[in-house]
Every structure is written in structure tokens, then in C-alpha cells.
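Survey of secondary and tertiary structure
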Amino acid sequence: MYILKQLFLNKLFLTGFIIISGLFLSSILYFLLFNDRIPTSPLLYDSGGKPLPAPYSFETVPPFGTDNFGRDLSIVMLVGTKYTIAAALIVTFLRVFPSIWIGLFIHFFLQKFERPIKSIADALNYFPMTLFAFLLLNVVLVQEVTSFVVDGVQVKGPEPLSYWNRILIYLMLLASLFIPTNSILIGNEVKAIYKKEFIEISRTLGASNWRIVTKHIKPFLVPQLAIIFLRDFIQTLLLMSHLAVLGLFLGGYTRRDDLFGQTNMLSNSNEWAGLLGMWWKFLWTSYPWISFIPIIFLSILILSAKGMMEGLNSVLMAADNMREPAEKRKVNEVIKSNNPFQRVKQIT
Amino acid sequence: MSSIFGVMTRFVYVVIGIILLSAFVGLFTNGIQIEFTLFVNNVIEIVKSLIFPENLIVLGPTKHEFSIFINFWDYYYYSLIIFLSALIISIITGVLITYIMILLPQKLNNFVSKCVSFSESLPDLFIIMVIQFSVIYYYKQTGTLLFPVAGSSQDNTYILPIITLALIPSFMIFRINLHLFNEEWKKSYVELARSKGFNKTDIFFSHVLRNMAPSIFSHSKTIVLYLLSSMVIFERLFNIHGIMTYMTSYPIPNIIAFTLIMFFIPIFVLYALITTLIEKNTGQRLEW
């Protein structure tokens, strides 16, 4: 409880927390009040009566302008917020929570195999995670049946899965990719705590593994888990945005005609990473601000999580220092006398 | 001798890990087929084609089979040059920033290190976007293109991707360095050197850096991993035709395994050499 109270007095943590929860809550509120309705601006005309081209700038439609469908970008971003944060939270939770149990299991029951398991899990690091996730999801998230010709025969590609299945698989895969490394990490943490003296004593007094885990390891592990959780939250967001640039995003896309009848991809969930992937191409056009909007929001989200992490770290450090009594400083004795020089010890 | 053995077992573990993962990817190439026999088949297939590289075959656009070695090495060297130069540049700039920070007064030092710790966690996509945009903006304003923003199949772009790729890792190295430096600076030999009248530059480059080098090296593994997973994005966004693009366009298990293993061999050789050198000179065994 003490740590929690200190946390909310910490400026960095509080700012990060307020930004993230503020964004999330406002997005949910918008859903409840307006049911995610995105206002579209109709085709606008200039003073001479000529139609203006579709992505309107932030001067015509404040605050962020519109995309080429005429949708108000600020609202699109707001609608996407809850999906972004919720997806990242779910993935992070699925990543951390099973890893706790696997880590404990490795530590308590598989100690003999610890080294080989660690080495193999370490090898997973050398397979670029973005590439791995891309290769796995590329086929799974396919939306349209592709057909190609082999030996003069029309062959159809794999059938697309249903909408919710795709989302489910996306979340599960992103989570499970990191379970091995996370389990090893948590296993190491448990090992470090297990070496403490009081656990040895507790074991000699006959405590079971369960009791040690719940009574002695838990209080030390939970703060570490909070840090791991925040770090994974950041990592998940990064991975999601990387995958989006490669063209895979949550909820997939639908093809729709924009104001001028050109078919374009449109993200279903308006989730930020997906928007980033879709709008990157605007960087090369004369409306580059459109591509900057999602990445700036994502950066804000990541930086607030980072701020929470730094705040948590500093609070934990302070708590640690309090727990261990500081060594009494040795004060050099000052000899008071009127003479500038004096023999300290009388030689007998 | 034992260190060479250690490195070799490590190499074998990583190769096994890559083979298993590539075989796992093979389960997803035609829809999801979680079958153990298919997995085992994939593993056997991969091992076979690693031993006999002429088995590495891709299907061309006209469904014509050809060996990957027609153009594999071009992709390979291109990626390798970008990767290694980004690694080296990031380490050098990281050390240089640390040196500059040391010369600054303490208060400014704290402020800047806090800023760096935050900018280190900025998404790499943000940095790519800002850099690409500013180069284009400069081009629009003045008409001179500083660096080619994206590559094409004819001419390759080097400078911009390398700089961008090296930026965040150099911040990471700087943060690690600063931490190591603060610990090293408290030690008594530094105090002695300073009391003898050496200036900070001398002490930093001839004593402190030397003692920090092993730790910097063992931390550089995170940098390597970071660079690896960033490369995928960089190749897409800078339109680089490197091995990551190669793997995404031909997602066949044995090609993935072969390419990744080939890419790790230089890294391993580099690391094995440096570890043995450090062990000989300083007597420190390094874990990496």
C-alpha cells in the first residue's frame, strides 16, 4: 500500500498514468455516447465553386483535417484509441501471466534442464521477432482468396478465417512469441529471490513450496512483474506498429471507394498501428501530416508507459533504501582546541 | 581452448533454435496445419538442404524452379554491410557522446541523460519518418537531394539507412556507458590519476574506457538483437532489397533457415574473436 501511495505522488508515474487512462476513458466514453460514429465532411468547394481535393488540411477541418474518405481524423484517432490500448493490454497480460507460472515451474521442477532450456530460449532471440511474427501471421490474416496458376490449372489460395478468429489468432500469436523469453526472465528473478536467507530458514522450518511462493516470493516478485508488464506493453506496441508497416493489422481492412471513386484500403478497427501502416504512403504526397498523426500518438503512448516505468523504478529504489537501514556514518572526531596544531595522542 | 568450445556449443544451440523455428514457420505456409509429422518433415528437409545447398530452390514468377544462388549473395552482402556498419557506427557514436557528456557540468549531465533515456524508447518508426520527411522537405525547398531516400533495384542506398538504423542503438549504448562510467569514476585509481594532474580526456581514453570495454561488449548483444528486428522494417521502408525482403518474398522454411544461419555466421565470428581477445588481454571471461 505504501508503494502505491508513493507511486501516485511520483510526478513521472502520475503523468504517464493520467495520459494513458485519459485517452482510454475518453475513447470509451465516445463509444458509449456516440457509438463510434465518425463524422465525414462532404465534398468541400472553394470560393470559386470548384471542388477541393479530398484530404482536407487541418486548417479547413480542425484539428487534424480529414483523410481521403473525408473522415474527421481526430475522431478516427479517438475511436481507435480503445482498440490500440486494449489490444496491447490483452497481449501483455497473456504474455506475462502464463510466464509467471512457467517460470516458477522451471525453477521448482525442471532445475536439471534449466541450462539447455535457457540456451534454446536464448537462440529464439536471434530470430528477428518482427520477421517471425510476420511470417506466421501473413497467411493467417489473409482476407481475400488469392488464386494463381500452377501448370495451367487455377489453384486457389487458403480460405480466409472469420473476422473474430483472425483477431483472436493475432492476439494469441503476439503473446505466445514472447512467453519463452519472459518465462526465463521470471525464472531468473525467482532464483535471485530464492537465494535470500529467510527463505532458507523458512524451508528448514518445513514450509512447502506453495507457502514459500505465496508468502515469501510474491512480495518481492510483484514489483518486478509490474516493471516487466510495462516494458512488455511498450514492446507490444512497437511490434504491432512494425507489423502494421508490413501490412498486417488488427481487424484487417475493407476496400471502399473514397470521395473520388478510387478504391482504397480502410482499417476496420481504426487501431493506431493499422492507421500508421495505411497512412505511411501519405508521407510522399503533399499531405504528409496525415502520416505523422498516428506515429505521434503512438509515441506519446509509448513515452507515457516509459514514464510510468521510470517512476515505478525510482519509487522501488527509494523503498529498497528505506527497508535496509542505512549504515551509520562514521564522523571524524574533531578536536577542539585553541592551538592550530596539537598532538593527538600523548606518547607515553 | 575452453572458450572456443563454449562459443561452438553456443553456435550449435542457436542453429538448432533457428532450424526449429523455421520448421515451425513451415506449419503456417498453407493455412494453419499444426501436425507433428509435418514439423518433423520440415526439420529433415531443412537439415538436408543445409548439407546440400543445391536443394535450395525457389519458384520464379513463371513457376520455373531455380537455385537461390543466382542473386542471393547480392542481397546478403548488401544487408550485411548495412548491419555491420550500423553496429560499428552506433558503438563509436555512443562512446563519443559519453565522452562529450563527461566534459559537461554535472547538472546539465543529469538533464541530458534523462532526455536520452526517453528518446531511447521512442519508436524507431518515428525516427525513420522524421528523417525521411526532413530529407524530402529539404529537397522540396532547395532542390538538392542530400541522400537518396529509397533504394531501387539498380542503385543501392547506403548512407541514410545506416545513419537512421544506428541512431537509437547509439543512445542505448550511451545510457549503458554513462552507467558504467559513473561506477568506474568513483574508483580510487581515477582519484589517484586526477590528483596527479591528468585531465579528464586522458583518464577517460587511456584508463576508464579500457576498463569499461568488456562490459560495453557484453551489453552490445541487446544492440545486435535490436538491430536485427529493426532491419525488417528498414528494408521495407527504405525499399532496400536485402535478405529480410528476400525471406518475406520466399517464405520457405529451408531458405529462411539457410539465410538466417548465413547471416549469423559473421556476427558469431566477430563475437568469438572479440571474446577471446578480451580474455587474453584482461583475463575476463565474458558471457554473451
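Thresholds, definitions, all that
Residues numbered from 1 in each chain as written. Chains lettered and ligands numbered in written order. Predicted model: local features only at pLDDT ≥ 70, side-chain atom pairs only at ≥ 80, totals over all residues. Helix = DSSP H or I, 4+ residues; strand = E, 2+ residues; numbered from the N terminus. Buried ≥ 20, exposed ≤ 12 C-beta atoms within 10 Å, placed from the backbone. Contact = placed C-beta atoms within 7 Å. pLDDT = per-residue confidence, 0-100. Nonpolar A, V, L, I, M, F, W, Y, C, P; charged D, E, K, R; others polar. Domains from an automatic or database assignment. Axes fitted to C-alpha atoms, helices over the stretch in contact; angles between N-to-C directions. Parallel < 35°, antiparallel > 145°, perpendicular 65-115°, else oblique. Left-handed = near helix turned anticlockwise from the far one by under 90°. Core = buried A, V, L, I, M, F, W, Y, C linked by C-beta atoms within 7 Å.

This part covers the overall build of chain B. Scanning chain B for helices and strands turns up ten helices and two strands. Reading chain B from its N terminus to its C terminus gives the helix and strand order α-α-β-β-α-α-α-α-α-α-α-α. Taken along its principal axes, the extent of the C-alpha atoms in chain B is 75 × 60 × 30 Å. Taken across its 288 residues, chain B has 30% of its residues classed as buried. When contacts within chain B are restricted to residue pairs at least 6 apart in sequence, those whose partners lie at least 24 apart make up 72%.

If you tally the helices and strands in chain A, you get eleven helices and four strands. Here chain A, with 348 residues, has 32% of them falling under the buried criterion. Counted over contacts in chain A with a minimum sequence separation of 6, partners at least 24 positions apart contribute 70%.

All names here are of chain B. Taken residue by residue, chain B gives an average pLDDT of 82. The fraction at 70 or more is 91%. Per-residue pLDDT, averaged within each element of chain B, yields its smallest value for strand 1 (residues 57-59) (70) and its largest for helix 7 (residues 188-195) (89). Scored as a complex, the prediction yields pTM 0.85 and ipTM 0.85.

Contacts between the two partners involve 37 residues from chain A, matched on the other side by 36 residues from chain B. Here the side of chain A that touches chain B takes ten residues from helix 5 (residues 129-140) of chain A, the largest share from any one element. Along the lines of polarity and charge, the residues of the side of chain A that touches chain B split into 28 nonpolar, eight polar and one charged.

Let us look at the domain arrangement of chain B. How big an interface is tends to be reported as the loss of accessible area on association of its parts. Splitting chain B by domain gives domain 1 (2-69) and domain 2 (71-251). With centres defined by C-alpha atoms, the gap from domain 1 of chain B to domain 2 of chain B works out at 32 Å.

The next subject is the confidence of the model for chain A. Mean pLDDT over chain A: 80, with 83% of residues reaching 70 or higher. Put simply, strand 1 (residues 147-150) of chain A is where chain A has its lowest mean pLDDT, 58, and helix 2 (residues 11-34) of chain A is where it has its highest, 90.

Another point: the environment of L174 of chain A. Residue and element names in this part refer to chain A. Topologically, L174 is positioned in helix 6 (residues 163-176). Assessed through the 26 C-beta atoms surrounding it within 10 Å, L174 is described here as buried. Separated by 79 residues in the primary sequence, L174 and R95 place their C-alpha atoms 8.4 Å from one another. The residues touching L174, leaving out its near neighbours within four places in the chain, are V91, A133, T236 and L239.

Attention now moves to the packing of helix 8 (residues 200-237) of chain B against helix 10 (residues 253-282) of chain B. Residues and elements named next belong to chain B. Remark: helix 8 packs on helix 10, axes separated minimally by 11 Å, with the N-to-C direction vectors making an angle of 165°. With respect to each other, helix 8 and helix 10 are oriented roughly antiparallel. Remark: the crossing between helix 8 and helix 10 carries left-handed chirality. Of the residues in helix 10, those in contact with P214, F217 and V224 of helix 8 are I267, I274, I278 and T282.

The nonpolar side chains of a soluble globular protein tend to be buried, and buried together. Core analysis: the largest hydrophobic core is formed by 117 residues, its most contacted members being A133, L237, L243, L276 and A305 of chain A together with I18 of chain B. Two domains each provide a minimum of three residues to this core, namely domain 1 (2-69) and domain 2 (71-251) of chain B. If near-sequence neighbours (up to four positions away) are discounted, L276 of chain A is found in contact with S241, A244, V245, P294, I295 and L298 of chain A together with L125 of chain B.

Residue and element names in this part refer to chain A. With their axes 11 Å apart at the nearest point, helix 5 and helix 6 run at an angle of 170° to one another. For the element pair helix 5 / helix 6, the angle class is roughly antiparallel. Seen along the crossing, helix 5 lies across helix 6 with a hand that is right-handed. Residues A133, L136, L137 and V140 of helix 5 lie in contact with helix 6, whose contacting residues are R166, I169, Y170, L173 and L174. Residue composition of the contact of helix 5 with helix 6, by class: eight nonpolar, no polar and one charged.

Let us look at the environment of I91 of chain B. Residues and elements named next belong to chain B. Position of I91 among the secondary structure elements: in helix 3 (residues 72-103). Residue classification places I91 among the partly exposed residues on the basis of 19 C-beta atoms within 10 Å. Sequence separation between I91 and I252 is 161 residues, and the spatial gap between their C-alpha atoms is 34 Å.

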